[in-house]
Amino acid sequence: MISILAVIPARGGSKGVPRKNIKLLGNIPLIEYTIHSAKESKLLTQIVVSTEDEEIAIAAEISGCKPPFLRPTALAQDKSTSLEVVQHAIAFFESQNVFFDAVCLLQPTSPFRERGFIDKAIQKFIESKADSLVSVLPIPQEYNPHWAFEENENGLLKIATGEAQIISRRQDLPKAFHRDGSLYITKTTVIKNDSLYGKSVAYIESNPEFNVNIDTMKDWEKAEHLLKNFKN
């Protein structure tokens, strides 16, 4: 079995929902949902919360996942990327002579995951032999990229996929997906080559009933509504 580091990124400077990673959703901080999901996994080798914020670090410790480091503030800015955060975590552990075959990025802004979802994703990643795996949801047919248009240099419309003729029948549309933000798994060698995806990307479909990606207060309200339905 390969060794996998779970990285839960949680910076303190969120704008759309201030301090969202430690804001109480139900009775517990948002980040705790993802920590619990990670700790339920039987296939993750180690879990780390990456944050520059001491209050978030304390919340993570209370949830049973004490961060072994504080992330540099330079990697906790609006323009900081998930790739940079993951690379920093890998570098920290390798400086301690701890090495991983892959990294599983779990964003706390997608707090709800079905039990067993992480391990199911890891198994599919291993079996696929792909460079990476991402969690996705189907794109509704009316938004399928083969039915989408872009503006050309003359201000006219062209088919976004570059085809000369549009696919006229709904039944002929190929499946299309979008990332839902819940989970990414990537080989460490690929990450070191500055990519979260590599050349081959496997996928796993998330349960749409659990889907929320919290970026705004409207998203937060959706999460509260979902949580209420789960309890009912």
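Bear in mind that the values here come from a model prediction, so they are computed numbers and not experimental data. Sequence positions are assigned chain by chain, starting from 1 and proceeding in written order. Per-residue local features of the predicted model are confined to residues with pLDDT of at least 70, and side-chain atom pairs are confined, for both listing and counting, to 80 or more; whole-chain, interface and lining totals are unaffected and use all residues. As a rule here, side-chain values come from all non-hydrogen atoms in the structure, and water together with hydrogens is ignored.

Undergrad: Account for a nonpolar patch on the surface, with residues named and values stated.
TA: Only residues above 30% relative accessible area that lack a salt bridge enter a patch, with like-charged residues linked at up to 9 Å and the nonpolar side chains Val, Leu, Ile, Met, Phe, Trp and Tyr linked at up to 5 Å. Residue exposure ignores everything except the shown protein chains as possible cover, and the areas themselves are Shrake-Rupley values with a 1.4 Å probe. The working definition used for a salt bridge is a side-chain nitrogen of Lys or Arg within 4 Å of a carboxyl oxygen of Asp or Glu. On the surface, a cluster of nonpolar side chains totalling about 310 Å² of accessible area is made up of Phe149, Leu157 and Ile166. Residue exposure (1.4 Å probe, protein chains only): buried if accessible area is under 20% of the type maximum, exposed if over 50%, otherwise partly exposed. By relative accessible area, Leu157 is classed as exposed at 64%.

Undergrad: Could you give an account of the environment of Ile167, naming the residues involved and the relevant values?
TA: Numbered from the N terminus, helices here are DSSP runs of H or I no shorter than four residues, and strands are runs of E no shorter than two. Topologically, Ile167 is positioned in the loop between strand S8 (157-159) and strand S9 (177-187). Between the C-alpha atom of Ile167 and that of Trp147, which follows or precedes it by 20 residues, the distance is 7.3 Å. Any pair of residues with heavy atoms lying within 4.5 Å of one another is described as a contacting pair. Not counting residues up to four positions away in its chain, the partners in contact with Ile167 are His146, Trp147, Asp172, Leu173 and Pro174.

Undergrad: Outline the pattern of salt bridges, listing residues and values.
TA: Per the counting criterion, the structure on display carries eight salt bridges. One salt bridge in this structure joins Arg19 and Glu55, with 2.9 Å as the shortest N-O distance. Residue Arg19 is located in the loop between strand S1 (4-9) and strand S2 (24-25), and its partner Glu55 is located in helix H2 (residues 54-62); the two are separated by 36 residues in the primary sequence. We classify Glu55 as partly exposed; its relative accessible area is 49%.

Undergrad: Kindly report on the nonpolar core, identifying the contributing residues and their values.
TA: For this analysis, a nonpolar core means a set of buried residues of the types Ala, Val, Leu, Ile, Met, Phe, Trp, Tyr and Cys, connected via side-chain atoms within 4.5 Å. Grouped together as the largest cluster of nonpolar side chains are 29 residues, with contacts concentrated most on Leu44, Val49, Leu106, Leu133, Leu183 and Ile185. At the level of elements, S1, helix H1 (30-40), H2, strand S5 (102-106), helix H4 (117-128), S9 and strand S10 (201-205) are the ones that each hand at least two residues to this core. Of all the elements, H4 adds the most residues to this core, at five residues. Non-local contacts of Ile185, meaning those with residues more than four positions away in its chain, are made with Ala102, Val103, Cys104, Ala121, Ile122, Phe125, Asp131, Ser132 and Leu133. Listed in part, the 18 residues of the second largest apolar core include Val48, Leu83, Ile90 and Phe100.

Undergrad: Provide a residue-level description of H4, including the pertinent values.
TA: Here H4 is twelve residues long and its end C-alpha atoms lie 16 Å apart, about the 16 Å a rise of 1.5 Å per residue gives. Burial in H4 covers these residues: Phe117, Ile118, Asp119, Ala121, Ile122 and Phe125. A positive backbone phi angle near 60° is found at Lys129, which sits one or two residues after H4. A helix is expected to span 1.5 Å multiplied by its residue count minus one.

Undergrad: Got a sec to walk through the sheet that holds strand S6 (residues 132-138)? Specific residues and values, please.
TA: Think of it this way: DSSP has to see at least two bridges between two strands before they count as a pair. Ordered by their spatial adjacency, six strands build an open sheet running S4-S1-S5-S9-S6-S10, and the pairing between neighbours is mixed. The sheet terminates laterally at strand S4 (46-50) and S10, the two strands that pair on one side only. Averaged over neighbouring strand pairs, the angle between their axes works out to 30° when direction is ignored. Relative to S5, S1 is paired through four bridges, and the arrangement is parallel. Directly across from Val7, in S5, lies its bridge partner Leu105. For helices, the axis comes from a line fit to the C-alpha atoms of the stretch in contact; other axes are also lines fit to C-alpha atoms, and the angle between any two N-to-C directions lies between 0 and 180 degrees.

Undergrad: Give a detailed account of H2, specifying residues and quantitative values.
TA: Residues of H2 that are buried: Ile56, Ala57, Ala59 and Ala60. Taken down its axis, H2 places every buried residue within 160° of arc, on the same side. Residues of H2 that are exposed and point over 90 degrees away from its buried face: Glu54 and Ile62. Taken together, the buried residues of H2 touch H1 and S4. The directions from the helix axis to the C-beta atoms are what the arc is built from.

Undergrad: Explain unusual backbone geometry to me, and be specific about the residues and the numbers.
TA: One non-glycine residue, Arg19, lies in the positive phi region at around 55°. On the accessibility criterion, Arg19 (29% relative accessible area) is partly exposed. A positive phi angle, near 65°, is found at Asp194, a position not held by glycine. Tracing the backbone shows Asp194 in the loop between helix H5 (188-192) and S10.

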